[in-house]
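Summary of the model geometry
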Amino acid sequence: MGELTDATNVQTVFLNEIRKKLPDTASLADELAETLNVSRDSAYRRIRGETDLSLDEVKKLYDQFGVSFDAIISPNSNMVLIDHQAIDFNFALKEWLQSLIQNLELAKSSKELDLIFAAKDIPVFHYFKFPELTAFKLFVWSKSVIKDPQYEHLQYSHTILPKEILTEAERAWQIYSSIASTEIWSDEVINGTLKQIEFYHECDFFGNRNMIANLYDQLIEFINHLKREAAEGKKSEGGAFTLYQNEILIPDNTIFAKIHNQRLVYINYNTMDLLTTQQESFCERTEVYMDNLIKNSALISATAEKERNRFFNKVEEKIMSSKTNIR
Amino acid sequence: MSDIASRNIQSVFLDQIRKRVPDKISFVDKLAELLNVSRDSAYRRIRGETVLSLDETKKLCTLFGVSLDAILSTSANTSLFHHRAMSTTYTLEHWLNSVGKNLEYISSCKIKEMIFAARDMPTFHHFRLPELSAFKMFFWLKTVIKDPGYTNKLFQQDVIPLQIQKAAGKIWKHYAAVPSAEIWSDEAINETIKQIEFYHACRFFADKNQGVQLCDRLIDLINLIKEEAKLGKKSGGAEFKLFENEILIANNTVLARMENIRIVYINYNTLSLLTTHQKSFCDKTEVYLSSLSKNSVPISVSSEKERNRFFNKMKERIETFKNTLN
């Protein structure tokens, strides 16, 4: 963030922030001329401060480059603009998955990518490699979280979701698996899913007992798969996988991303909703928070075989004990 | 802000400013005075004949607390939040005082109510027992914020300055006077148990029996809350409704309703609070919380069996853990 003094006018600072977002090879004048639909000369006059930018032009630039005006006039402001993407009947599973895929593709296309998860629950992408687990997670969301009326009276079965949904989910996994991510997991990462299975069992939402046994088997397979990826420090589709564990400091699910020089924070809200912001000071604080969190966490990928085994064994024991209790 | 597409941003922006100028004062005069221009020039800006420069925009934003980003971003999904994060510069005392002021305001309203969806027990409850309260705060300072003043300190109750303990006590006092509904998961005490476990393992307790004592206080607290749930009343006299929900609580969210104001607080990264008044966001949260409570089991006043089961499960967990400490 440029230091804003009385000697610098806001227009200059604003345009400088846009310049920072451009690749080194691009020219600010060309980008301005194109976005504002003015001549190159007019663009230069705006850069030199001879012509005032109108607020309508500021809006066009805001839409195009995502530069926050609030952050420029008060970089230390505590006001944060947050985008809330809620999933409900109108924004259904399929659109949700497609928007996820879009975001992942954007991340993948970025040359320098930084993706850090602080995860109280295993990031849902990992589940999407396993069709039955995917079907179960998405069914619980539809039936119990979104309360989609079409699932109200249905029991779970592996084939309950439209095939295209599972295909989209797998596509999301493939991209996710091919890009680098750093993940800090709490040792409660599996609790949420186990509770869902137990609850559905109690409510008699399973078609038959075989399905439950099958889900537990897949969970074990899932954990072993993740353990192998952690051991290699690489996800199946080639993305680097850096895994940390932290027993006590992860209260919720937060993602910090740096994509194409733009910092973003995603906060998981009400199970499936995402709160997203690009506001500089908020992203800055979250980045510091994540750095601190990593410093206080134990690395369990690639090295530290003993700790890695201990961590995954504990998760596996939890699954086995839940499986035993349910009988 | 659906009208933005058809109107220009400058006039939307100036309208927002106009709303903040008292009715008695002429908007044109005020604008002319603030921007140091003639009345005519002010009119030309209002009519959109003269472009408002970004320096002028900044001046008005700062003076009236208007967010230009909120105007620029046209999506109904966008909300402006106030962010309070405890850090080495924004101290625990600041944070407690600021949260205390909010609660004092809420409790001073005639009509008021707070609804919690609580993955972890609402922090305010810990503030009722000084030893537990001091432990929670010590943990935040030493381990979460990493306040250098606490790096080499071990925990004992009097390590936390008295005025900070008092500020926390005040928060409970205000909260106890606000009618509230809380929806808890049965993981509500897990976080505190883990914190005790971690400090015990790291030998961060000055007294080696401290872990056991804290477990006892936690049981005291659970008994206290159980009794209040039974009565449907908090110690301050306000109504208390408690619900249990096993699977649907993903984070810690609070909705406060006063006369005709609503506020949503989202607790994030342990000690950060995001706060918003924005209507669309409050609406969505209200719908979410009401559907959540419908799908939860009420365990206050009636449902003695469910209430006992719920609290006993937590007590057993604390007892089991306590026995591992010896």
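As a convention, each chain's residues are numbered from 1 in the sequence order in which they are written. To read the labels, note that chains go from A and ligands from 1, taken in the order they are written. Since the coordinates come from a predicted model, pLDDT governs what is reported: local features require at least 70, and pairs of side-chain atoms require 80 or more to be given and counted, while whole-chain, interface and lining totals use all residues.

1. Observations regarding the overall build of chain A
Here a helix means four or more residues in a row that DSSP labels H or I, a strand means two or more in a row labelled E, and each is numbered from the N terminus. Tallying secondary structure elements over chain A gives 12 helices and 8 strands in all. Its C-alpha atoms give chain A principal-axis dimensions of roughly 75 × 45 × 35 Å. Once C-beta atoms have been placed from the backbone, residue pairs whose C-beta atoms lie within 7 Å are recorded as contacts. A fraction of 74% describes how many contacts in chain A between residues 6 or more apart in sequence connect residues 24 or more apart.

2. A closer look at the confidence of the model for chain B
Residue and element names in this part refer to chain B. Residue-level confidence of the predictor is what pLDDT reports, using numbers from 0 through 100. When pLDDT is averaged across chain B, the result is 89; 97% of the residues are at 70 or more. In this model, residues 1-6 is a region of pLDDT below 50 whose contacts with residues beyond four sequence positions or in other chains number 4 contacts. Scoring of the predicted complex yields 0.82 for pTM and 0.78 for ipTM.

3. So, the packing of helix α6 (residues 93-109) of chain A against helix α8 (residues 163-178) of chain A
All names here are of chain A. At a minimum axis separation of 9 Å, α6 and α8 run at an interaxial angle of 20°. As far as their axial angle goes, α8 and α6 are roughly parallel. Helix-helix and strand crossings are classified by hand; for α6 and α8 the assignment is left-handed. For the pair α6 and α8, the contacting residues are Leu93, Lys94, Leu97, Gln98, Leu100, Ile101, Leu104, Glu105 and Lys108 in the first and Ile165, Glu168, Ala169, Arg171, Ala172, Ile175, Tyr176 and Ser178 in the second. Considering only residue class, the contact of α6 with α8 consists of 10 nonpolar, 2 polar and 5 charged. All axes here are fitted lines through C-alpha atoms, helices being fitted over the stretch that makes contact, and every angle between N-to-C directions spans 0 to 180 degrees. Every angle not falling under 35 degrees, over 145, or within 65 to 115 is termed oblique; those three ranges are roughly parallel, roughly antiparallel and roughly perpendicular. Crossing handedness is read from the near helix: turned anticlockwise from the far helix by less than a right angle, it gives a left-handed crossing, and turned clockwise, a right-handed one. Following the grouping adopted for this structure description, the nonpolar residues are Ala, Val, Leu, Ile, Met, Phe, Trp, Tyr, Cys and Pro, the charged ones are Asp, Glu, Lys and Arg, and the polar ones are all others, Gly among them.

4. With respect to helix α8 (residues 162-175) of chain B
Since the α-helix advances by 3.6 residues per turn, residues separated by three or four positions end up pointing in the same direction. Residue and element names in this part refer to chain B. By this rule the span expected of a helix is its residue count minus one, scaled by 1.5 Å. Compared with an ideal rise of 1.5 Å per residue, which puts 14 residues at 20 Å, α8 spans 20 Å between its outermost C-alpha atoms and is within 8% of the ideal. The burial label depends on the number of other C-beta atoms within 10 Å of a residue's C-beta. Counts of 20 or more mean buried, 12 or fewer mean exposed, and intermediate counts mean partly exposed, with C-beta atoms placed from the backbone. Of all the residues in α8, the buried ones are Ala167, Ala168, Ile171, Trp172, His174 and Tyr175. Considered in projection along α8, the buried side chains sweep an arc of 170° and stay on one side of the axis. Away from the buried face of α8 by more than 90 degrees, exposed residues Leu162, Gln163 and Lys166 are located. On its buried face, α8 is in contact with α6 (92-108) and α7 (130-144). As used here, the arc is the angular range of directions from the helix axis to the C-beta atoms.

5. Some words on the interface of chain B and chain A
Contacts between the two partners involve 49 residues from chain B and, on the opposite side, 47 residues from chain A. Counting residues per element, the ones that place at least two in the side of chain B that touches chain A are α1 (9-20), α4 (54-64), α5 (68-72), β1 (78-85), α9 (190-201), β6 (261-268) and α11 (279-294) of chain B. No other element matches the 8 residues that β1(B) contributes to the side of chain B that touches chain A. Residues of the side of chain B that touches chain A, tallied by class, amount to 21 nonpolar, 18 polar and 10 charged. Strands pair, by our definition, only if DSSP identifies at least two bridges between them. Bridging between strand β1 (residues 79-85) of chain A and β1(B) involves 5 bridges; their strand directions are antiparallel. Within β1(B), the position partnered with Met79(A) by the bridge is His82(B).

6. Points about α9(B)
An ideal rise of 1.5 Å per residue puts 16 Å on 12 residues; α9(B) measures up with 16 Å between its terminal C-alpha atoms. Arg203(B), located one to two residues past α9(B), shows a positive phi value of around 55°.

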